[in-house]
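Secondary and tertiary structure notes
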Amino acid sequence: MRLSILQPHPHTHRCRYPIKQWPRMDASFHRRKDKVVVIMGATGSGKSRLSIDLATLFPTSEIINSDKMQVYRGLDITTNKIPTAQRHGVPHHLLGDVDTDHYGEFSPADFRHRAADLIADITRRKNLPIVVGGSNSFVHALLVQNFDPHSHSNVFQQQQQEEALISSELRYRCCFLWVDIAFPVLSQYLRDRVDDMLDSGMVDELAQFFDPDAARRTGFGIRKAIGVPEFDRFFNKYPPSMGQGGDDPLRERAYEEAVKAIKDNTCELAERQIGKIERLKRAGWDLRRIDATEAFRMVLTSGSSNGSGVWERQVLEPSVKIVKRFLME
Ligand code: ATP
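Described in the following lines is the structure provided in the data block. Note that this is a predicted model, so its numbers are computed, not measured. (Residues numbered from 1 in each chain as written. Predicted model: local features only at pLDDT ≥ 70, side-chain atom pairs only at ≥ 80, totals over all residues. Heavy atoms only, no water.)

Observations concerning the overall build of the protein
Rules: Only DSSP runs of H or I with at least four residues qualify as helices, and only runs of E with at least two residues qualify as strands; both kinds are numbered from the N terminus onward. Type-normalised accessible area, obtained with a 1.4 Å probe on protein chains alone, sets the label of each residue: buried when under 20%, exposed when over 50%, and partly exposed for intermediate values. We call two residues in contact when some of their heavy atoms are within 4.5 Å. All accessibility values rest on the Shrake-Rupley procedure with a 1.4 Å probe; residue burial counts only the protein chains present in the view.
Counting its regular elements, the protein contains 13 helices and six strands. Among the 329 residues that make up the protein, the fraction classed as buried is 54%. Of all intrachain contacts in the protein linking residues separated by at least 6 positions in sequence, the fraction that spans at least 24 positions is 83%. Within the structure as shown, the protein displays about 15400 Å² of accessible surface, and the carbon and sulfur contribution to it stands at 49%.

And the structure:
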């Protein structure tokens, strides 16, 4: 089934939606903390689509990616980077910019530094920064007033000291939109999405990326992306140079195991990400939850939510209202 929640509505062009454009920020804006819209949510929850829809309606928006695998160059299908054609001309930053081989691991501290420079630049140009991505350690690192790279780099792994470590004192004025989906619906969508990714050429992409020497080293940078370790195991047994291998049932089984592992690991990632978002909320972050369950249910039953108006009514309109109010404040 072709799932299309990721695709902004085909008829949506910048400024098509019938709302008034948001007012340009006045001079007093610059005397206060910079404003940032932050779209949060588990992998696959429609954050990219929402960001493009919002950027279409608030046309001076620029998107800063906060998915720690999507910052790296390469593996566009495997890491689910929004394709250029679906970006509708909206500027994207930190999306596929970092080369693992030259840069190494891109840490939360690196993200804080690079994204803060981008926010300052976007704001100076009187545009609106929208931070979008599922890596909450990046979002946390960027936004908290005081960040200690040593104690904060894995802030979500330190169970007992959670309250002490997650500060609600932020260095920007933030408008948080949390796109949430009932987990059974999301997990079914994620499993179907893996099949779509396979149809779109994920295995070829991973085969070209496969490096038996690198695969023996522990995962680093983009090599940690879900899909790489799972298919490295497969390619170690059945190297891409061997070709398709005819009807070998053992090869077929190893392939199915790799696909199952990707599906399971993606659902686990989503569950962990939701847990982290809930912890941020408990720590006092003012996250506005938007329930996208119905739109996703529609995608599962009919392959698309476009045309039904459910996405617009249940996700886009409430988000637009929240962002408009935020920009007026
Ligand atoms: P964080 O904990 O920093 O908020 P996260 O929730 O994005 O980040 P992790 O829980 O650290 O991710 O990641 C779990 C696994 O999922 C890791 O192997 C990670 O590389 C992988 N992963 C995360 N995002 C993606 C993605 N967009 N594509 C593929 N794999 C991903």
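From this point, things continue past the structure.
Re the site of the ligand
Cut-off, in case you're wondering: Throughout, the term near means that a residue has one or more heavy atoms lying within 4 Å of the molecule or strand in question. N or O atoms closer than or at 3.5 Å make up a polar contact, with two conditions inside protein: a donor-capable atom paired with an acceptor-capable one, and, for residues adjacent in sequence, both atoms drawn from side chains. Throughout, the ten residues Ala, Val, Leu, Ile, Met, Phe, Trp, Tyr, Cys and Pro are labelled nonpolar, Asp, Glu, Lys and Arg are labelled charged, and all others, Gly among them, are labelled polar.
Around the ligand, a shell composed of 16 residues is seen, among which Lys68, Ser135, Asn136, Ser137 and Lys276 lie nearest. One nitrogen or oxygen atom from the side chain of Ser135 is found 2.6 Å from an oxygen atom belonging to the ligand. Ile226 has a polar backbone atom sitting 2.8 Å from a nitrogen atom of the ligand. The protein chains hide 86% of the 600 Å² of surface that the ligand would expose on its own. When contributions to the shell around the ligand are tallied by element, the ones reaching two or more residues are α4 (136-143) and α11 (249-282). Broken down by class, the residue content of the shell around the ligand amounts to four nonpolar, seven polar and five charged.

Description of the pairing of strand β1 (residues 35-40)
Quick reminder of the rule: In this scheme, strands are said to pair when DSSP sees at least two bridges between them.
With six of its six residues buried, β1 lies for the most part within the structure. Along β1, one buried face is formed by Lys35, Val37 and Ile39 and the opposite face, lined by Val36, Val38 and Met40, is buried too. Alignment of β1 against strand β5 (residues 173-180), held across six bridges, turns out to be parallel. Looking at β5, one finds that Val38 is bridged to Phe176. Bridge count between β1 and strand β4 (residues 128-132): three bridges; the pairing is parallel. For Ile39, the partnering residue across the bridge sits in β4 and is Val132.

Examining the packing of helix α7 (residues 183-199) against α11
For clarity, the threshold we go by: For helices, the fitted axis covers only the stretch in contact; all axes are lines through C-alpha atoms, and the angles between them, taken along N-to-C directions, range from 0 to 180 degrees. Working definition: roughly parallel below 35 degrees, roughly antiparallel above 145 degrees, roughly perpendicular at 65 to 115 degrees, and oblique for all remaining angles. Each crossing gets its hand from how the near helix is turned against the far one by less than a right angle, where anticlockwise is left-handed and clockwise is right-handed.
The interhelical angle for the contact between α7 and α11, taken along N-to-C directions, is 140°, at an axis separation of 10 Å. Regarding the angle of α7 to α11, the classification is oblique. As α7 runs across α11, the sense of the crossing is right-handed. Between α7, through Phe183, Leu186, Ser187, Leu190, Arg191, Arg193, Val194, Asp195 and Leu198, and α11, the contact on the second element is made entirely by Tyr255, Val259, Ile262, Lys263, Asp264, Thr266, Cys267, Ala270, Glu271 and Ile274. Tallied by class, residues from the contact of α7 with α11 come to eleven nonpolar, two polar and six charged.

Brief notes about the pattern of salt bridges
Heads up, the rule is: What makes a salt bridge here is a side-chain nitrogen of Lys or Arg within 4 Å of a carboxyl oxygen of Asp or Glu, nothing more.
Applying the stated criterion across every chain yields a total of 16 salt bridges. Put simply, Glu62 and Arg125 hold a salt bridge, and the shortest N to O gap is 2.5 Å. On the criterion of sequence distance, the pair formed by Glu62 in strand β2 (residues 61-65) and Arg125 in the loop between α3 (108-124) and β4 is long-range, its members being 63 residues apart. The class of Glu62 is buried, set by a relative accessible area of 4%. Residue class for Arg125 comes out partly exposed when judged on its relative accessible area of 38%. Across the pair Arg73 and Asp99 runs a salt bridge, and its minimum N-O distance is 3.9 Å. Of the two residues, Arg73 sits in the loop between β2 and β3 (92-93) while Asp99 sits in the loop between β3 and α2 (100-103), which places them 26 residues apart along the sequence.

Concerning the nonpolar core
Worth spelling out the cut-off: Grouping buried Ala, Val, Leu, Ile, Met, Phe, Trp, Tyr and Cys residues that are joined through side-chain atoms within 4.5 Å yields what is termed a nonpolar core.
With 99 residues, the main nonpolar core has Leu54, Leu143 and Trp285 as its most contacted residues. Residue contacts for Leu54: discarding those within four places in its chain leaves Ile39, Ser61, Ile130, Leu177, Leu316, Ser319, Val320 and Val323.

A word on the sheet that holds β5
Hydrogen bonding along the main chain pairs the strands of a sheet, whether they run parallel or antiparallel. The strand order across the open sheet built from six strands is β3-β2-β4-β1-β5-β6, with neighbouring strands paired in parallel fashion. The open sheet has two edge strands with one neighbour each: β3 and β6 (287-291). Of the strands in this sheet, β1, β5 and β6 touch α11, which is tilted by about 140° from β5. Each of β1, β4, β5 and β6 touches helix α13 (residues 310-328); the most contacted strand, β6, lies at about 160° to it.

Some remarks on α7
Going by this rule: Each residue after the first adds 1.5 Å to the expected span of a helix.
Counted at 1.5 Å a residue, the expected span for α7 with its 17 residues is 24 Å, and the 24 Å between its end C-alpha atoms agrees. Check the buried side of α7 and you find it contacts α8 (202-209), α11 and α12 (293-302). Just downstream of α7 lies Gly201, where phi reads positive at about 110°.

Things to note about the pairing of β2
Each regular strand shows side chains that alternate between the opposite faces of the sheet. Burial runs high along β2: five of the five residues are buried. Neither face of β2 is exposed, since Ser61, Ile63 and Asn65 on one face and Glu62 and Ile64 on the opposite face are all buried. Inspection of the sheet shows β2 paired to β4 by five bridges, in the parallel sense. Within the sheet, the bridge partner assigned to Ser61 lies in β4 and is Leu128. Bridging between β2 and β3 involves two bridges; their strand directions are parallel. Counted as the bridge partner of Ile64 is His93 from β3.

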